Amino acid sequence: MKRIASFEVNHDKLKPGMYTSRIDGDITTYDIRMVYPNAGTYIEPAAGHTFEHLFATYARNSRFADSIIYCGPMGCQTGFYFLVRDMKPSDAIALVQESMAFIAAYEGEIPGASRIECGNYLLHDLAGAKKLASSMIPVLEGWKEENLIYEK
C-alpha cells in the first residue's frame, strides 16, 4: 500500500497550512493542518466537530459541490482531511480559503446539529470553530499550488 505524503515528513518541522497528501487517480486528498503537530495544543473535539459541520456545509453547497468527496478530522487532532475529485489545486485552495472566511463570520444554528442528523449532536462549539477558521485565514492568504507540497 502506498504511504500518504504526510507520513514521509518530519512532523516536528511541519507548519499549519494546506498540503497535498495523496493523489489516487482523479481523487486528491488535502491535509488542512490547523495547529502545529507535536506542540501540545490540539483541536478540541467540540470545536473540530462544529468546524467539520460548517466546512462540509459550505463546500457541499459551493460551485464545486459535485467535486467534494469528504471532509473529516485527522485522528491526530491537528487538522482535517479534504478529499476532492476532478478539481484543480488552485480551485481547492480557493474553496478552502472561502470556507475559512465563511466559518469565521458564521452566526446562527449549526447545520446538521440535531439529534436526527448527527450522531453527537450535543458536542459543538461555534466560538471554537470560528477561532480555528480565523487562525487559518492569514496562514492561507496568498497560498499557491507550490505551497501544497510537503517539505521533507
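Since the model is a prediction, treat every value here as computed from it, not as a measurement.

K.L.:
Looking at this structure, how should I read helix 2 (residues 89–105)?
P.N.:
Spacing of three or four residues puts side chains on the same side of an α-helix, whose turn is 3.6 residues. Taking 1.5 Å as the rise per residue, helix 2 with 17 residues should run 24 Å; its terminal C-alpha atoms sit 25 Å apart, in good agreement. If you check which residues of helix 2 are buried, you get Ala-92, Ile-93, Ala-94, Leu-95, Val-96, Ser-99, Met-100, Ile-103 and Ala-104. For helix 2, the elements touching its buried residues are strand 1 (17–24), strand 2 (27–33), helix 1 (45–60), strand 3 (68–73), strand 4 (79–85) and helix 3 (126–140).

K.L.:
Is there a simple way to think about the pattern of salt bridges in this case?
P.N.:
Under the definition given, this model contains five salt bridges. The residue Asp-31 makes a salt bridge to Arg-33 at a minimum N-O spacing of 3.9 Å. Arg-33 matches Asp-31 in its accessibility class, with the two residues each being buried. Between Lys-130 and Glu-107 there is a salt bridge, with its nearest N and O atoms 2.5 Å apart. Here Glu-107 lies in the loop between helix 2 and helix 3 and Lys-130 lies in helix 3, a separation of 23 residues in the sequence. On the basis of relative accessible area, Glu-107 is assigned to the exposed category, the value being 59%.

K.L.:
Mind showing me how you'd approach the side chain of Ser-67 here?
P.N.:
Tracing the backbone through its elements, the reader meets Ser-67 in the loop between helix 1 and strand 3. The contact partners of Ser-67, leaving out residues within four places of it in the chain, are Leu-83, Val-84, Arg-85, Asp-86 and Met-87.

K.L.:
In this structure, what is going on with the packing of helix 1 against helix 3? I would like to understand it.
P.N.:
Between two packed helices, the angle of one axis relative to the other and the distance separating the axes together describe the packing. At a minimum axis separation of 7 Å, helix 1 and helix 3 run at an interaxial angle of 70 degrees. Here helix 1 lies roughly perpendicular to helix 3, going by the angle between them. Only Leu-126, Gly-128, Ala-129, Leu-132 and Ala-133 of helix 3 make contact with helix 1, whose side of the interface consists of Ala-47, Gly-48, Thr-50, Phe-51 and Leu-54.

K.L.:
In this structure, what is going on with the environment of Ala-101? I would like to understand it.
P.N.:
By secondary structure assignment, the location of Ala-101 is in helix 2. Measuring from C-alpha to C-alpha, the distance between Ala-101 and Lys-130 comes to 9.1 Å, with 29 residues separating the pair along the chain.

Rules behind the numbers
Residues numbered from 1 in each chain as written. Predicted model: local features only at pLDDT ≥ 70, side-chain atom pairs only at ≥ 80, totals over all residues. Heavy atoms only, no water. Helix = DSSP H or I, 4+ residues; strand = E, 2+ residues; numbered from the N terminus. Expected span 1.5 Å × (residues − 1). Buried < 20%, exposed > 50% of the residue type's maximum accessible area, 1.4 Å probe, protein only. Contact = heavy atoms within 4.5 Å. Salt bridge = Lys/Arg side-chain N within 4 Å of Asp/Glu carboxyl O. Axes fitted to C-alpha atoms, helices over the stretch in contact; angles between N-to-C directions. Parallel < 35°, antiparallel > 145°, perpendicular 65-115°, else oblique.

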